[in-house]
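# A closer look at the structure
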Amino acid sequence: MVNTGGDRVMHIPPYYKRAGWQRFLAGAFIGAIISFAIFLYMYGQFQERWIEDNLSLRSELNTLQRNYEALEESKNKLDEQSKKEITVEEIEISIENEKQLKLDRLIVHTLEQKILDEINHVIGQSTNSLSENYQLLTAAIENKTLHEDNFSYQAVVKNLFIISQRLVINVELKLAN
C-alpha cells in the first residue's frame, strides 16, 4: 500500500485570534480607508483643475471664432469701402472688484463672457468711430443687468482704453436690487 497522505490534514493556525495579527489587520483596514480618502481628494482636485482648463479653452475657442467671424465680416466691408483705418480686433474685460465681492473664477469668467457677448459688435469697427461713440458703448455695458447664481450685478465702467487694435475695459460690479 502506498501512503497518499490523506490521513494527515494540514492545520492552518488561527491568526485572527492573536492580538498582533488583529492590530495588523485593523491597521491595514484603516490605512486602506485613509488612502482611499486621499485618493478621492487628489482626484477631485485634478478634476476641478481639468474642468477649469477645459472651460477656459472652450471660452478661448469661442472668442477666437467670434473674432474670426467679425474680422472676416469687417474685412469684406473694408474691401468695399477701400478705406485704411485701424479696427478693433480684440476686446479685453477685467473686473476690478472681484475679490471684494468674493467671486470665484468661474463666475468671473461667466460675467466677463456676458459682457463680451453684449459688446461683441464692436469687433471690426474703426477706432475713430469707437472713440467718438464711446458713451454708447459705456451705456450698453452699464444698462445691462448681469444675472449669475441668484445674484444680479450692475456693471460700472471705470476705464475704457483703445490700445492699437485692442479695446480694454475695466469694470466694477455692484449688486443690483
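Quick note: structure is the one above.
Described below are features of the structure shown in this document. Just so you know, these numbers come straight off a predicted model, no measurement behind them.

## Points about the overall build of the protein chain
Along its length, the protein chain carries 4 helices and 4 strands. Counting from the amino terminus, helix and strand elements in the protein chain follow one another as α-β-α-α-α-β-β-β. Sorting the 177 residues of the protein chain into buried and exposed places 25% on the buried side. Here the contacts in the protein chain between residues at least 6 apart in sequence split such that 58% fall between residues at least 24 apart. When the accessible area of the protein chain is evaluated, it comes to approximately 13,300 Å², of which 56% is carbon and sulfur surface.

## A word on unusual backbone geometry
For lysine 102, which is not a glycine, the phi torsion comes out positive at approximately 55°. With respect to the secondary-structure elements, lysine 102 resides in the loop between β1 (90-95) and α2 (105-118). Not every positive phi belongs to a glycine, and aspartate 149 is a case in point at roughly 50°. With respect to the element layout, aspartate 149 can be found in the loop between β2 (145-148) and β3 (151-163).

Cut-off values and rules
- Residues numbered from 1 in each chain as written.
- Predicted model: local features only at pLDDT ≥ 70, side-chain atom pairs only at ≥ 80, totals over all residues.
- Heavy atoms only, no water.
- Helix = DSSP H or I, 4+ residues; strand = E, 2+ residues; numbered from the N terminus.
- Buried < 20%, exposed > 50% of the residue type's maximum accessible area, 1.4 Å probe, protein only.
- Contact = heavy atoms within 4.5 Å.
- Areas by Shrake-Rupley, 256 points an atom, 1.4 Å probe, with all protein chains shown as cover.

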